[in-house]
Amino acid sequence: MSENILNTIQSPKDLRKIPKETLPQVANELRDFIINIVATKEGHLGASLGVIELTIALHYVFNTPKDILVWDVGHQAYGHKILTGRKEIFHTNRQLGGISGFPKRAESEYDTFGVGHSSTAISAALGMAIASKLKGETNIQHIAVVGDASIASGMAFEALNHAGISDTNILVILNDNAIGIDPSVGALKNYFTKVKLNGAKDADNIFEALNFDYSGPIDGHDLELVISELERLKNVQGPKLLHLITKKGKGLRQAEENQVVYHAPGKFDALTGDLAPKSNERQPPKFQDVFGKTLVELAITNDRIIGITPAMPTGSSLKFMMDVFPERAFDVGIAEQHAVTFAAGIATQGFTVFCNIYSTFLQRAYDQLIHDVCLQKIPVIFCLDRAGIVGEDGPTHHGIFDLAYLNCIPNLIIFAPRNEIELRNIMFTAQQGLDLPIFIRYPRGRGNILDWQKPFSKIEIGKSEVLKEGIDIVILTLGTIANNAKEAIETLSSEQQEKIGLVDIRFLKPLDETLLHKILKKYDKVITVEDGTIIGGLGTSIAAFAVSNGYKNKIEIIGIPDVFPEHGTVSELQEIVGLSPKRILQVIQNYL
Ligand SMILES: Cc1ncc(C[n+]2csc(CCOP(=O)(O)OP(=O)(O)O)c2C)c(N)n1
Ligand SMILES: CC(=O)[C@@H](O)[C@H](O)COP(=O)(O)O
Ligand SMILES: [Mg+2]
């Protein structure tokens, strides 16, 4: 056996030359390689470790890239990237200018479909399979790999429903590790457990009922077995589903034992698996924890409060409420559309519903927002975490569209807290009762305030806040990006600073029209700053307000330009898109 067999694999062609009995060595080396790099560069860990044998088997048995392999979510595709020519650049994973943390079409011909959001793989693979038929292509296999949490999503079920009556040979591989980021939930999870306990050919097999040839469940870490099963399935006609049982984090003890933390553990010791020690210094809280802890505080005195998350209890910190009030806090699985309408349903019955969804994932539920919530003025309280640039997850995950996609919907309130205390106070205000749904958007990561757990105070809906008076230039901001604008102003001389006013608009809807009239009369030059798309958000609203009221001020809009920002650190990306203090300063200087 060669010492470093992984080094000899530049593409799946090289892999296919390796004798079957040597493949377990490839699996070991691949695991070690991923662990060593993720330990220092960070990223998603457990999911890739859990599909190492599957990844090797797929590229060994199938003729990729001619045979088409589609990964769902794509956070488990590190092994795939390494075996498909990206081993030497894998250390750049998720870094600015480096490779993406998810399959990406522009990056490799082996990345057949761009991912990041879940539950798309079966639809995409089915589309490709039907396209192959239409083009008269034969002998191309189409394979979708989807996790047990992702297959429970409506979209995956829509695709299964279609695929089951298609005349394609699509192969769906269900990678069942009984966990998403947090433990999987719902009746389907219980069904999978039953199938695992009772054996394969249950008379009520849900996939067979959908007209799939079902096989499994088999041990997804038994490389020889997975290979022989894939070889068999290659020749089975019609839609097929192979059920694999795997362990998330396989091969690293801590990742197997603490699967939630090791989904994306941050830095850790590659040898021991221990997480990098945390600093003892007291830090400001993460916004998600301000949400989670405040919700519990409010729920203690307000027993009408309900909390909902679609599959992100840890990421959103709704887990705090789930621990204290399990009967009033719901993880509904990866089901953003359902989460929104479910929230609306509960709210119609007089409950106060906090529905927490990452900004990027709420994109999934746009019609539900319009049709099921806003049109009916149902006062659900939406908390949109991870708003703005999120960093290393990149373009699939940036929460930069919410301001624009919400701004055009009638009957809603849009609020962006400038800091932790404002988030707390708007949650307090909202649970006292509003006539309209409210959308509270806040960023990934930490705020700035150590002592944030102050007594609650009510926020007046639609009221902006003047942070600093000026003379002829005013900067209007929305949310935490005010800190960047403030930092920009503070680098100027005191004489220059005097010229500049700073206003936190706070409510994109309703706009504080009384204050805006005063602002547009007082200041010649207006600069708006928002960490959302330049089209459709704060700047658009201010410009529209000025035009419709006959103001002739010079207005400059700073926001995310009309492109998808790539992956990198938040500060690197803010610099690129023009939202760093330095870039904001450059714009201000043009007016001084
Ligand atoms: C639409 C959408 N909602 C939520 C997420 C966040 N998310 C990423 S991975 C994941 C869990 C996926 O679980 P599973 O499909 O079982 O794959 P595993 O991580 O277990 O391999 C979730 C909820 C997402 N990427 N897309
Ligand atoms: C792949 C995916 O969608 C999640 O794992 C996401 O990366 C979580 O993001 P946070 O780290 O911001 O919770
Ligand atoms: Mg899973």
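None of these values were measured; they are calculated from a predicted model. (Residues numbered from 1 in each chain as written. Chains lettered and ligands numbered in written order. Predicted model: local features only at pLDDT ≥ 70, side-chain atom pairs only at ≥ 80, totals over all residues.)

Caption draft 1: How the structure looks around the overall build of the chain. Scanning the chain from terminus to terminus reveals 25 helices and 17 strands. Compactness check: the chain gives a C-alpha radius of gyration of 26 Å against a globular reference of 25 Å for 592 residues, within 12% of the reference. Projected onto its principal axes, the C-alpha positions of the chain cover 75 × 55 × 50 Å. Residues classed as buried in the chain amount to 51% of the 592 residues present. (Helix = DSSP H or I, 4+ residues; strand = E, 2+ residues; numbered from the N terminus. Rg over C-alpha atoms; globule rule 2.2 N^0.38 Å. Buried ≥ 20, exposed ≤ 12 C-beta atoms within 10 Å, placed from the backbone.)

Caption draft 2: Up close: the site of ligand 1. Looking at ligand 1, there are 20 residues lining it, with Ser118, Gly147, Ala149, Ser150 and Gly180 nearest. Taken together, the residues of the shell around ligand 1 break down into eight nonpolar, nine polar and three charged. Of the domains in this structure, domain 1 (5–263) and domain 2 (287–441) are the two that each give at least three residues to the shell around ligand 1. (Near = placed C-beta within 6 Å. Nonpolar A, V, L, I, M, F, W, Y, C, P; charged D, E, K, R; others polar. Domains from an automatic or database assignment.)

Caption draft 3: Local environment of the site of ligand 2. Taken together, the neighbourhood of ligand 2 is formed by His44, Val73, His75, Ile181, Ala264, Gly315, Arg386, Val390, Asp393 and Arg444. Class assignment for the residues of the shell around ligand 2 results in four nonpolar, three polar and three charged. Both of domain 1 (5–263) and domain 2 (287–441) provide at least three residues apiece to the shell around ligand 2.

Caption draft 4: Representation of the UniProt feature "domain: Transketolase-like pyrimidine-binding" (unreviewed entry) in the chain in the model. Those places that UniProt annotates as "domain: Transketolase-like pyrimidine-binding" (unreviewed entry) correspond, in this numbering, to residues 285–449. Secondary structure within residues 285–449 divides into 42% helix and 16% strand; the distance between the first and last C-alpha atoms comes to 7 Å. (UniProt positions renumbered as here; feature names shortened; annotations may be inferred.)

Caption draft 5: Expanded view of the UniProt feature "binding site: thiamine diphosphate" (unreviewed entry) in the chain. When the UniProt feature table is mapped to this numbering, "binding site: thiamine diphosphate" (unreviewed entry) covers His75, Gly116, His117, Ser118, Ala149, Ser150, Asn177 and Glu336. Structurally, histidine 117 is set in the loop between helix H5 (78–86) and helix H6 (121–134). According to the C-beta neighbour criterion, histidine 117 is buried, with 22 such atoms within 10 Å. In contact with histidine 117, not counting residues within four places along its chain, are Phe361 and Thr396. Tracing the backbone shows alanine 149 in the loop between strand S2 (142–147) and helix H7 (154–163). Once residues within four sequence positions are removed from consideration, alanine 149 is found in contact with Gly180, Ser184, Ala311, Gly333 and Ile334. (Contact = placed C-beta atoms within 7 Å.)

Caption draft 6: Focus on the sheet that holds strand S11 (residues 438–441). Ordered by their spatial adjacency, seven strands build an open sheet running S7-S6-S8-S9-S11-S10-S15, and the pairing between neighbours is mixed. Every interior strand has two partners, whereas the edge strands, strand S7 (329–331) and strand S15 (507–509), have only one. Taking each pair of neighbouring strands and ignoring which way they run, the sheet shows an average axis angle of 20°. As judged from the five bridges shared by strand S8 (residues 352–358) and strand S9 (residues 381–385), these two strands associate in the parallel manner. When the bridges of S9 are listed, asparagine 356 appears paired with cysteine 383. Sitting on the sheet, helix H15 (residues 336–348) is in contact with strand S6 (305–309) and S8, with an inclination near 170° to S8. The strands touched by helix H19 (residues 420–431) are S6, S8, S9, strand S10 (413–415) and S11; relative to S11, the strand with the most contacts, the crossing angle is about 165°. (Pairing = 2+ DSSP bridges. Axes fitted to C-alpha atoms, helices over the stretch in contact; angles between N-to-C directions.)

Caption draft 7: Inspection of the pairing of strand S4 (residues 213–219) at higher detail. With five bridges connecting them, S4 and strand S5 (residues 240–245) associate as parallel partners. Each bridged residue has a counterpart across the sheet, and for tyrosine 214 the counterpart in S5 is leucine 241. Once you follow S4 into helix H10 (residues 223–234) and on to S5, the crossover reads as right-handed. (Right-handed = clockwise from strand over helix to strand, strands pointing away.)

Caption draft 8: Summary view of the environment of leucine 58. Tracing the chain through its elements places leucine 58 in helix H4 (residues 52–61). Judged by local crowding, leucine 58 falls into the buried class, with 26 C-beta atoms found within 10 Å. The spatial distance from the C-alpha of leucine 58 to the C-alpha of valine 145 is 10.0 Å, given a sequence separation of 87 residues.

Caption draft 9: Focus on unusual backbone geometry. Of the consecutive residues threonine 64 and proline 65, the connecting peptide bond is found in the cis state with omega at 5°. By the element assignment, proline 65 lies in the loop between H4 and strand S1 (68–71). Cis rather than trans, the peptide bond between lysine 509 and proline 510 has omega equal to -10°. Within the secondary structure, proline 510 is located in the loop between S15 and helix H22 (513–522). For glutamate 42, which is not glycine, the phi dihedral falls at a positive 70°. Overall, glutamate 42 belongs to the partly exposed group, with 19 C-beta atoms counted inside 10 Å. Here asparagine 211, not a glycine, exhibits a phi torsion of approximately 80°, which is positive. With respect to the secondary-structure elements, asparagine 211 resides in the loop between helix H9 (206–209) and S4.

Caption draft 10: Region of the structure containing the domain arrangement of the chain. Under the domain assignment used here, the chain contains domain 1 (5–263), domain 2 (287–441) and domain 3 (465–591). Averaged C-alpha coordinates put domain 2 and domain 3 at centres separated by 26 Å. At the interface, 24 residues of domain 2 touch 28 residues of domain 3. Put simply, the parts of the chain that give the side of domain 2 that touches domain 3 at least two residues each are helix H18 (402–407) and S10.

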